[in-house]
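Each chain, written out:
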Amino acid sequence: LHGVTLVSTGKTVAGRRHPRIGSHVSLGAGSAILGPVTIGDHVLVGAHAIVTKAVAQGATVIGTNKVIESHEEGAEEFDWLNHWHI
């Protein structure tokens, strides 16, 4: 985790203040996950992205809460060696 920030914002939602990160999530260098948000499984967060809202399973996030791709439930398994689409 190269400069990744996982932080509480002071808001409490459903008894949580910190982010919840799913399985097989790739967090880019310098990214920030702020507050009691949930990041779904198989999510890609681009370098220096800022996430303040929940992210659905299989999505790709860049910039500030910008979801550029989201895979449907039951879609084919994601190839983790292909990073060209971030």
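A brief structural summary. (Residues numbered from 1 in each chain as written. Predicted model: local features only at pLDDT ≥ 70, side-chain atom pairs only at ≥ 80, totals over all residues. Heavy atoms only, no water.)

## Describing the side chain of Ser-31
For clarity, the cut-off: For the purposes of this entry, the term helix denotes a DSSP run of H or I that reaches at least four residues, the term strand denotes a run of E that reaches at least two, and both are numbered from the N terminus. Here, two residues are considered to be in contact whenever any of their heavy atoms come within 4.5 Å of each other.
Tracing the backbone through its elements, the reader meets Ser-31 in the loop between β3 (26-27) and β4 (32-34). Excluding residues that lie within four positions of it along the chain, Ser-31 makes contacts with Gly-3, Val-4, Thr-5, Val-45, Gly-46, His-48 and Ala-49.

## Things to note about the environment of Pro-19
Turning to its location among the elements, Pro-19 is positioned in the loop between β1 (5-7) and β2 (20-21). Sequence spacing of Pro-19 and Thr-52 is 33 residues, and the spatial spacing of their C-alpha atoms is 9.3 Å. Once you skip the residues sitting within four places of it in the chain, Pro-19 turns out to touch Leu-6, Val-7, Ile-33, Gly-35, Pro-36 and Val-37.

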